[in-house]
Amino acid sequence: MVSLVEAGTWHRFSDADSLGWLHRGWSSAYEGVHPAHVVPLVTMGCGIWWCIDLSTPQGDMWGIDPNALCDRHFLFPERFTLAEWLTDWLEGNDAFPEAPPLDCSNC
């Protein structure tokens, strides 16, 4: 999990300093693909992330998997809300984001 604040040398769970740092980098690098209201939350490794949609009251979750889809579709809505995702995690499940079946050969 990424820290909510600039953590300096204390960022043990990610190679990013904070959610703000990650969000700013992704928003500028993937402008038009990465909505400003979707914020990275937890990395699963290998570029795979769980993100939260701050524009929804229930906190819909999104997935990022650059290994499964093209640059236009690597970010996708997920089946969980934040509460459902946290409940699943507390029950010991380590779900990965599931990319939708898309044909990216024409992207």
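Check the entry above for the structure.
Okay, so let's go over this structure. Because the structure is a prediction, the values reported are computed rather than measured. (Residues numbered from 1 in each chain as written. Predicted model: local features only at pLDDT ≥ 70, side-chain atom pairs only at ≥ 80, totals over all residues. Heavy atoms only, no water.)

1. Digging into the environment of Cys107
Phase 1 of the analysis: By the secondary structure assignment, Cys107 is in the segment after helix 2 (82–90).
Phase 2 of the analysis: Remark: the alpha-carbon pair of Cys107 and Cys70, spanning 37 residues in sequence, is separated by 7.0 Å.
Phase 3 of the analysis: Beyond its immediate chain neighbours, meaning those up to four positions away, Cys107 contacts Cys70, Arg72 and His73. (Helix = DSSP H or I, 4+ residues; strand = E, 2+ residues; numbered from the N terminus. Contact = heavy atoms within 4.5 Å.)

2. Remarks on a nonpolar patch on the surface
Phase 1 of the analysis: Taken together, Leu86, Trp89 and Leu90 make up a surface patch of nonpolar side chains, about 340 Å² in accessible area.
Phase 2 of the analysis: You can see Trp89 is positioned in helix 2. (Patch = residues over 30% accessible without salt bridge, like charges linked within 9 Å, V, L, I, M, F, W, Y side chains within 5 Å. Areas by Shrake-Rupley, 256 points an atom, 1.4 Å probe, with all protein chains shown as cover. Salt bridge = Lys/Arg side-chain N within 4 Å of Asp/Glu carboxyl O.)

3. Structural notes on the packing of aromatic side chains
In this description, an aromatic ring pair is defined by two values, namely the gap between the centres and the angle between the planes.
Phase 1 of the analysis: Per the counting criterion, the structure on display carries two aromatic pairs.
Phase 2 of the analysis: Pairing Trp50 with Phe80 gives two aromatic rings, centres 5.8 Å apart and planes at 65°, and the pair type is edge-to-face. Here Trp50 is found in strand 2 (residues 48–53), whereas its partner Phe80 is found in strand 4 (residues 75–81), with 30 residues between them in sequence. Residue Trp50 shares its accessibility class with Phe80, and that shared class is buried.
Phase 3 of the analysis: Consider the rings of Trp50 and Trp85, whose centres lie 5.9 Å apart with planes at 55°: the pair is tilted. (Phe/Tyr/Trp six-rings, centres within 6.5 Å; stacked < 30°, edge-to-face > 60°. Buried < 20%, exposed > 50% of the residue type's maximum accessible area, 1.4 Å probe, protein only.)

4. Points about the side chain of Asp88
Phase 1 of the analysis: One can find Asp88 in helix 2.
Phase 2 of the analysis: Here Asp88 occupies a buried position and makes no salt bridge, while the nearest side chain of opposite charge, Arg79, is found at 6.0 Å.
Phase 3 of the analysis: If sequence neighbours within four positions are ignored, Asp88 has contacts with Phe80, Asn93 and Ala95. (Lys, Arg positive; Asp, Glu negative; His and termini not counted.)

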